[in-house]
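Next come the chains, spelled out residue by residue.
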Amino acid sequence: MLRKIFFFCLIILVFSGCEEGQGHFKVKIVFPNWQPVEGAWIEGGIDWDAFGAQTDSAGIAVLPSGALGEWALVFRNNIFPKGIILRLSPHYFSPSTYVIDPTPKQLRWIGNVEGWSISFEPGSLTTVDYHGVYHVYTYDDSGILEIASAQLPSSIRDTQLHGDILWFSTHDEGIYVYFLANPLSPQLLFHLNIPGYIGKFALKDGTIVVASRGNSEPIRVFSYDTSGGFQEIAQLGSHLVKDMEFRENFLVVVGSSYDNGLPAVYDLQDPANPVLIHESSGTEYRWGFLYGNFLILKPDQSFDSLEEEIIFKRIDISDPAHPTPSALFPADSNLFQIINETTALGRYYVWTGAISVLSGDITSGFQTIAIITDNTWLQSSLHEFEGCAPPYFIIGENLYKLEDW
């Protein structure tokens with residue numbers, strides 16, 4: 001009888017939090033070698049029931065007793081986010097211990113960066129931000145230094161750099177063109193005061209094609225000159241444009257399956273008389289992006305899937321007039337950019353708030369090798385792809401270098 005009373009008292013003490021503080025309990029996060037993980041966040045719950053805590057140098061976090069039995073996410077830079085169920089340890093006053101895996105490589109923080117890159121060279125970096133500020137940085141493994149800045153027209157949206165010429169669309173002030181032969185002192189060349197809310201645009205031989213930021217308005221085709229004069233000469237279909245490029249005389253538009261834009265291809269040999277020569281859609285793939293001679297299609301479930309592999313589809317557009325399905329390949333993240341033949345960026349499948357750097361190719365697929373969770377909300381609210389020059393990456397307006405542990 002006394003033994004039962006003793007164990008009953010122990011259980012009461014644990015649940016009341018007398019050891020850790022009234023109404024709280026402890027958990028511990030460790031690596032597979034049982035070294036503590038410092039700085040890992042443990043978060044869960046919704047609205048009023050939301051909870052969160054960060055581990056200390058011993059890998060321990062203190063959580064409210066209301067979190068017991070709840071699902072929580074454990075995350076930190078350079079570890080694989082992991083879902084856990086929060087339970088009490090069978091050892092009474094010892095914290096429940098959870099093992100979490102480090103990524104194969106790490107992204108080491110170099111310094112802060114404002115905006116997204118328009119030029120990213122060894123040792124030098126040029127960016128712009130949404131508010132129209134132009135920044136020039138120098139950097140190396142030890143840090144980053146801003147050496148010049150200038151105020152450009154505000155609300156910068158899409159940017160393109162063609163040689164020394166920077167083009168950018170704005171919120172509602174058309175398109176500006178700057179000369180960057182001296183990157184420390186950008187010079188305005190001309191301004192195309194095209195009306196409307198402009199998103200993506202494409203350029204070719206005195207022709208500029210602009211898309212609105214929604215899908216309710218048609219894509220417009222303008223002729224222009226370097227004095228700032230422009231004239232609307234044609235309209236194309238309405239698409240929710242995610243990507244758009246000229247391939248010779250063909251305009252490849254990447255919209256969504258909702259508007260038959262996966263892809264839509266227009267012949268603009270005569271820009272005033274465009275001809276739609278291809279459009280395709282599908283219920284399985286909703287979105288996509290261009291990479292070299294391929295359109296990469298994203299499956300609809302890739303935005304919230306907890307499957308370990310997301311299957312992407314390649315469309316060969318080397319002949320833009322005849323896009324051809326090529327092959328499928330897997331990735332463990334929702335890809336939003338393929339950087340080169342071996343590197344991609346995406347959002348990790350367990351938690352789409354985590355930005356992942358992946359290694360692989362479009363034949364065998366891609367696997368995550370490093371992860372950043374800090375400030376990754378900026379990737380959504382500002383510019384999803386902020387730029388990179390591997391092994392350097394801008395993620396959440398911070399410069400990182402990809403390294404071995």
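Residues numbered from 1 in each chain as written. Predicted model: local features only at pLDDT ≥ 70, side-chain atom pairs only at ≥ 80, totals over all residues. Heavy atoms only, no water.

Trainee: Describe the pattern of salt bridges, and please don't skip the residues or the numbers.
Mentor: Summed over the entire model, instances satisfying the criterion amount to seven salt bridges. For the salt bridge of R347 with E384, the shortest nitrogen-to-oxygen distance reads 3.6 Å. Of this pair, R347 sits in strand β30 (residues 343-348) while E384 sits in the loop between α2 (378-381) and β33 (388-389), and the two are 37 residues apart along the sequence. Residue R347 is classed as buried on the basis of its relative accessible area of 9%. Exposure remark for E384: the relative accessible area of 37% places this residue in the partly exposed category. (Salt bridge = Lys/Arg side-chain N within 4 Å of Asp/Glu carboxyl O. Helix = DSSP H or I, 4+ residues; strand = E, 2+ residues; numbered from the N terminus. Buried < 20%, exposed > 50% of the residue type's maximum accessible area, 1.4 Å probe, protein only.)

Trainee: Explain the side chain of H135 residue by residue, including any values.
Mentor: With respect to the secondary-structure elements, H135 resides in strand β11 (residues 133-140). Residue H135 is classed as buried on the basis of its relative accessible area of 2%. Of note is the side chain of H135, whose polar atom sits 3.1 Å from the side chain of D129. Of the polar contacts made by the side chain of H135, one reaches the side chain of E146; its length is 2.8 Å. If we ignore the near neighbours within four places in the chain, the residues touching H135 are E114, L125, T126, T127, D129, E146, A148 and S149. (Polar contact = N/O pair within 3.5 Å; in protein donor to acceptor, adjacent residues only side chain to side chain. Contact = heavy atoms within 4.5 Å.)

Trainee: Describe the pairing of strand β31 (residues 355-361), listing the residues and the values that go with them.
Mentor: In terms of residue burial, β31 counts as a mostly covered element, since five of its seven residues are buried. One ladder, built from five bridges, connects β30 with β31; its direction is antiparallel. Each residue of the ladder has a partner; that of R347, found in β31, is I355. Once β30 ends, the chain turns through six residues before running back antiparallel as β31. Note: β31 against strand β32 (residues 365-372), seven bridges, orientation antiparallel. Pairing of L358 across the sheet is with T368, part of β32. The hairpin formed by β31 and β32 contains three residues between the paired strands. (Pairing = 2+ DSSP bridges.)

Trainee: Pulling in residues and values, what's your account of the sheet that holds strand β34 (residues 392-394)?
Mentor: Overall, antiparallel pairing links the four strands, which are arranged β8-β35-β34-β33 in an open sheet. Looking at the sheet topology across the chains shown, the edges are occupied by β8 (106-112) and β33.

Trainee: Please give an account of the sheet that holds strand β3 (residues 51-54) that cites residues and values.
Mentor: Strand order in the open sheet made by the four strands is β3-β2-β5-β6, with antiparallel pairing throughout. Sheet topology places β3 and β6 (82-85) at the edges, where each strand pairs with a single neighbour. Strand-to-strand, the axes of this sheet are offset by a mean angle of 25°, without reference to chain direction. (Axes fitted to C-alpha atoms, helices over the stretch in contact; angles between N-to-C directions.)

Trainee: Give a description of a nonpolar patch on the surface that names residues and reports values.
Mentor: On the surface, L145, I147 and L184 cluster together into a nonpolar patch covering about 280 Å² of accessible area. Mapped onto the secondary structure, L184 falls in the loop between β15 (175-179) and β16 (187-192). (Patch = residues over 30% accessible without salt bridge, like charges linked within 9 Å, V, L, I, M, F, W, Y side chains within 5 Å. Areas by Shrake-Rupley, 256 points an atom, 1.4 Å probe, with all protein chains shown as cover.)

Trainee: Quick rundown of the layout of surface pockets? Include the residues and the values.
Mentor: A volume near 200 Å³ is recorded for the second largest pocket. As for the second largest pocket, its lining consists of 13 residues, of which S119, T126, Y134, L180 and P183 are closest to the centre. Contributions of two or more residues to the lining of the second largest pocket are made by β10 (124-128) and β11. Per-element accounting of the lining of the second largest pocket gives the leading share, three residues, to β10. Its residues placed into classes, the lining of the second largest pocket shows eight nonpolar, four polar and one charged. (1 Å grid on protein atoms, 1.4 Å probe; cavity = no way out; pocket = protein on both sides within 12 Å on 5 of 7 lines; lining within 4 Å. Points joined across faces, edges and corners; volume = space filled by probe spheres on them. Nonpolar A, V, L, I, M, F, W, Y, C, P; charged D, E, K, R; others polar.)

Trainee: Account for unusual backbone geometry, with residues named and values stated.
Mentor: Note that the residue after L262, namely P263, is joined by a cis bond; omega there is -10°. Looking at the element boundaries, P263 is found in the loop between β22 (250-254) and β23 (264-267). For the peptide bond that leads from P390 to P391, omega is 15°, which places it in the cis range. By the element assignment, P391 lies in the loop between β33 and β34. With a phi angle near 55°, E248 is a residue other than glycine that sits in the positive phi range. Topologically, E248 is positioned in the loop between β21 (243-247) and β22. Exposure remark for E248: the relative accessible area of 64% places this residue in the exposed category. Positive phi outside glycine occurs at E397, with the angle close to 55°. If you trace the backbone, E397 turns up in the loop between β34 and β35 (398-403). Of the residues examined, E397 reaches a relative accessible area of 18% and is grouped as buried.

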